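Commentary on secondary and tertiary structure
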Amino acid sequence: ISGTVTLPDDAPTEWMQAVQVSVMTQRGEYLTYNNARIDTATGAYTLSRLPAGDLIVYFSASGFHDGTDWTSTDIASEYYDDAAARDDATIVSTTGGNATGIDAALGHGAGLDLDLDASALRGTGNGIGISITDLDGNVLISYGDPLPEDGHYPIVMSNLTPGEYRIAVSSMSWDDENDRSINGSAQFLRFGSVTSIQLAAGHTETGLVTARPADATISG
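Report follows, based on the coordinates. Since this is a predicted model, take the numbers as computed values, not measurements. (Residues numbered from 1 in each chain as written. Predicted model: local features only at pLDDT ≥ 70, side-chain atom pairs only at ≥ 80, totals over all residues. Heavy atoms only, no water.)

**A few points about the environment of glycine 97**
With respect to the helices and strands, the residue glycine 97 is situated in the loop between strand E10 (92-93) and strand E11 (104-105). We classify glycine 97 as partly exposed; its relative accessible area is 31%. Sequence separation between glycine 97 and glycine 53 is 44 residues, and the spatial gap between their C-alpha atoms is 9.3 Å. (Helix = DSSP H or I, 4+ residues; strand = E, 2+ residues; numbered from the N terminus. Buried < 20%, exposed > 50% of the residue type's maximum accessible area, 1.4 Å probe, protein only.)

Here's what the structure looks like:
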């Protein structure tokens, strides 16, 4: 698979060093991860030794290390062709041989730097999970950690494609006997009166958000 990656006109030229191109199956299993040969002058790349089949190509440029310091970028990650979610990616087929012209024009991304007050979730589990989803419910990013003692947990992300998102928060505990997690609660955060957040290119959303008490039940 080969193509060319371009960055915004106002991006520093050295940001091309941060470009990574990866290939995965439709199930999200990586076949190559940052394994492309990239020409930092032109953005041309080639990924070789791939199997024949229907594949997904992922582009990112979050940052690079110059041997001394780490330099971050605000470039948004995306799937081919200009998709924020893997489920919306355009399939690249290598069934008939090489796939050429798989290009990406990466743009400036958006970020989150939120202080989540999750103290209302105390008693529902000792772990916390965060998921960023699109409006269709596709999970774009997810991760988890122990729930901090003071109940405050930072939600810090960058390189998000500008757009509208939802943030899901869950609590859980680990069942050592059965070697599995037990869900305690789950909810989408509210931002004022709405359940989604709009992120603009080049902007990092900051502020305090609060998880609601997990005291409701459904039975039947």
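After that view of the structure, there is still more to cover.
**A word on the sheet that holds strand E12 (residues 110-117)**
Across the sheet, which stays open at both edges, the three strands sit in the order E15-E12-E19 with mixed pairing between neighbours. In the strand order of this sheet, the two ends are held by strand E15 (152-160) and strand E19 (204-210), each with one partner. In this sheet, adjacent strand axes meet at a mean angle of 15° when their direction is disregarded. Here seven bridges tie E12 to E15, and the two strands are oriented antiparallel to one another. The partner of aspartate 113 across the bridge, within E15, is valine 156. (Pairing = 2+ DSSP bridges. Axes fitted to C-alpha atoms, helices over the stretch in contact; angles between N-to-C directions.)

**Let's talk about the pattern of salt bridges**
As enumerated under the stated definition, the model contains one salt bridge in all. For the salt bridge of glutamate 29 with arginine 27, the shortest nitrogen-to-oxygen distance reads 4.0 Å. For arginine 27, a relative accessible area of 67% gives the class exposed. (Salt bridge = Lys/Arg side-chain N within 4 Å of Asp/Glu carboxyl O.)

**With respect to the nonpolar core**
In this structure, Ile1, Val21, Tyr45, Val57, Phe59 and Ile102 are the most contacted members of the largest nonpolar core, which totals 25 residues. Elements represented by at least two residues in this core include exactly strand E2 (20-24) and strand E6 (54-60). Counting residues per element, this core draws most heavily on E6, which supplies three residues. When neighbours within four sequence positions are excluded, tyrosine 45 is seen to be in contact with Ile1, Ser2, Gly3, Thr4, Val5, Val21, Ala36, Arg37, Ile38, Val57, Phe59 and Ile102. Of all hydrophobic cores here, the second largest spans 23 residues; its members include Ala110, Tyr153, Ile155 and Leu199. (Core = buried A, V, L, I, M, F, W, Y, C linked by side-chain atoms within 4.5 Å. Contact = heavy atoms within 4.5 Å.)

**What to know about the sheet that holds strand E1 (residues 2-6)**
With mixed pairing, four strands are arranged side by side in an open sheet as E4-E5-E1-E11. Since the sheet does not close on itself, it has two edges, and those belong to strand E4 (37-38) and E11, each with one partner. Relative to strand E5 (residues 44-46), E4 runs antiparallel, the two being bridged by two bridges. Paired with arginine 37 across the bridge in E5 is threonine 46.

As far as function goes, none of this settles anything; it's purely spatial.
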